[in-house]
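As a plain string of letters, each chain reads:
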Amino acid sequence: MDDVLDERKKKILKAIIKTYMETGEPVGSRTISKYPDLNVSSATIRNEMSDLTDMGYIVQPHTSAGRIPSDKGYRLYVDELTREKESEIAEIREMMIENTDKMDKVLKKVAKVLAANTNYATMITVPQYSGSRLKFVQLSRVSEHQLIAVVVCEGNVIRNQIIDLDEEMDDQTILKLNLLLNTNLNGVPIQDINLGMIARLKEQAGTHSGVVATVLDAVAATIQVDEEDLEVYTSGTTNIFKYPELADKSRASELISTFEDKKELADMVRESMGDQESTGVQVYIGDEVPIQTMKDCSVVTASYELGNGMHGTIGIIGPKRMDYENVVDSLKKLKVHLDEAVNKKT
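Because the structure is a prediction, the values reported are computed rather than measured.

Parameters and conventions
- Sequence order sets the numbering: in each chain, residues are counted from 1 along the sequence as written.
- Per-residue local features are limited, in this predicted model, to residues with pLDDT of at least 70; the limit for side-chain atom pairs, both in listing and counting, is 80 or more; totals at the level of whole chains, interfaces and linings are taken over all residues.
- With hydrogens and water set aside, each side-chain value is computed from the structure's full complement of heavy atoms.
- Runs of H or I in DSSP of at least four residues are treated as helices and runs of E of at least two as strands, each being numbered from the N terminus.
- Each residue's exposure class comes from its accessible area (1.4 Å probe, protein chains only) as a fraction of the maximum for that residue type: buried when under 20%, exposed when over 50%, partly exposed otherwise.
- For this analysis, residues touch if any pair of their heavy atoms sits within 4.5 Å.
- Computed with a 1.4 Å probe, the accessible areas rest on the Shrake-Rupley method; for each residue, only the protein chains presented here act as cover.
- Classification of ring pairs rests on two measures: the distance between centres of Phe, Tyr or Trp rings, Trp counted by its six-membered ring, which must be within 6.5 Å, and the angle between planes, read as stacked under 30 degrees, edge-to-face over 60 and tilted in between.
- The set of buried Ala, Val, Leu, Ile, Met, Phe, Trp, Tyr and Cys residues whose side-chain atoms join them within 4.5 Å is what this entry labels a nonpolar core.
- Between Lys or Arg on one side and Asp or Glu on the other, a salt bridge is scored when a side-chain nitrogen of the former is within 4 Å of a carboxyl oxygen of the latter.

This part is about the overall build of the protein chain. The helix and strand tally for the protein chain stands at 11 helices and 10 strands. Evaluated residue by residue, the protein chain yields a buried proportion of 49% over its 346 residues. Sequence separation of at least 24 residues holds for 62% of the intrachain contacts in the protein chain that already meet a minimum separation of 6. Surface summary for the protein chain: the accessible area is close to 16600 Å², and the carbon and sulfur share equals 45%.

Bringing the environment of Gln 128 into the picture now. Relative to the elements of secondary structure, Gln 128 occurs in the loop between strand S3 (121–125) and strand S4 (134–143). Its relative accessible area of 1% is what places Gln 128 among the buried residues.

A few words on the packing of aromatic side chains. Ring pairs (aromatic) are described by centroid distance and by the angle formed between their planes. The final tally for this structure, using the stated rule, is 3 aromatic pairs. Seen in terms of ring centroids, Tyr 74 and Tyr 324 are 5.7 Å apart; in terms of plane orientation they differ by 55°. Their pairing is tilted. A residue pair is termed long-range when its members are at least 10 positions apart, and Tyr 74 in helix H4 (residues 71–84) and Tyr 324 in helix H11 (residues 324–343) qualify at 250 residues. For the pair formed by Tyr 74 and Tyr 324, the shared burial category is buried. Considering the side-chain rings of Tyr 120 and Tyr 243, the 5.6 Å spacing of their centres and the 35° angle between planes classify their relative orientation as tilted. Residue Tyr 120 is located in the loop between helix H5 (103–118) and S3, and its partner Tyr 243 is located in the loop between strand S7 (232–235) and helix H9 (249–261); the two are separated by 123 residues in the primary sequence. By relative accessible area, which is 6% here, Tyr 120 ends up buried.

Below, the discussion takes up the nonpolar core. Grouped together as the largest cluster of nonpolar side chains are 45 residues, with contacts concentrated most on Ile 12, Leu 13, Ile 32, Ile 124, Val 300, Tyr 324 and Leu 331. Contributing elements (two or more residues each) for this core: helix H1 (7–23), helix H3 (42–54), H4, H5, strand S8 (281–285), strand S9 (297–305), strand S10 (311–319) and H11. Of all the elements, H1 adds the most residues to this core, at 7 residues. When near neighbours in sequence (up to four residues on either side) are disregarded, Ile 32 contacts Ile 12, Ala 15, Ile 16, Thr 19, Val 27, Leu 38 and Ile 45. Among the nonpolar cores identified, the runner-up in size contains 25 residues, and Ala 149, Cys 153, Ile 163 and Met 197 belong to it.

So, on to the pattern of salt bridges. According to the stated counting rule, one finds 12 salt bridges in the structure shown. Glu 48 is the salt-bridge partner of Lys 9, the closest N and O atoms lying 2.8 Å from each other. Of this pair, Lys 9 sits in helix H1 while Glu 48 sits in helix H3, and the two are 39 residues apart along the sequence. For the pair shown, Lys 9 and Glu 48 are each scored as buried. Put simply, Lys 18 and Glu 325 hold a salt bridge, and the shortest N to O gap is 3.6 Å. With Lys 18 in helix H1 and Glu 325 in helix H11, the pair connects residues that are 307 residues apart, well separated along the chain. Looking at Glu 325, the relative accessible area reads 25%, which means it is partly exposed.

This paragraph deals with the environment of Val 126. Structurally, Val 126 can be placed in the loop between S3 and S4. In the structure, Val 126 is positioned 106 residues away from Val 232 in sequence and 6.4 Å away in space, judged by C-alpha atoms.

In structure tokens form, the structure reads like this:
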């Protein structure tokens, strides 16, 4: 795990972490001595555990003779795990996105499946489209006094917007508005749609400037130019109660509030997006978590891509003794599928 630790210390630390993740109880030398690949005496293990304590990788709760991993110990374990694991493709194949206009439903389902598979709380952000371009806008009649605007962006991300009309609009006018919008907007980067362009298009639309304004409002809302308005879906929040160290009434209440409010989750996502490692996986342990109510938790996040300039974040929140191997595997597999899903259709 680290140059400072010899092979035996590595094995003992790994055994302590795995045992603690399974039981939630401080781990003694007798328990560790039963591991088949540790052919050493309990006395030797006690000496090694003493060294690991001195080095800060494990700590001894004052009420117990056993040891539990420290944040430093978890960090070492996770760093090695991240280095060892290669991106794998399997599992959750049904999550492949077939209807991108149903992306919200798909993302919510992803969070739900991930929570069920890991038994932790999960979150996923709606992808941000900054830097993306419009492919086309299609206005079509729904009824006498309603149109539907279909907005398609790079990555074949589709959003629909119903537009209410004061009076019926004939087919020729709808065709002219489609030509106006697409002639001016096709291939235009979202961030380049400014007030000047909007004013010019509304002027050219004449009496139908309201329809153009509504379409452009839909584009702005859909594309989420303002990253402050980051949407986060969560699932499995009640899984927190399964872990005694997080189930304390006041602590659990604070955690639930954080999940419901979502502002701090969005802030953490923005921070992690600016600090992604090459693996695309980010792990926060204990005090490393930038959210005060989650200092007793670990948070593992992974970025995903849905075409040019579109990116989001998947995250898993659980106790510090979470099964990191399963969590990292699940995130990497899911990330691969999300990365591939839309790219195959572009």
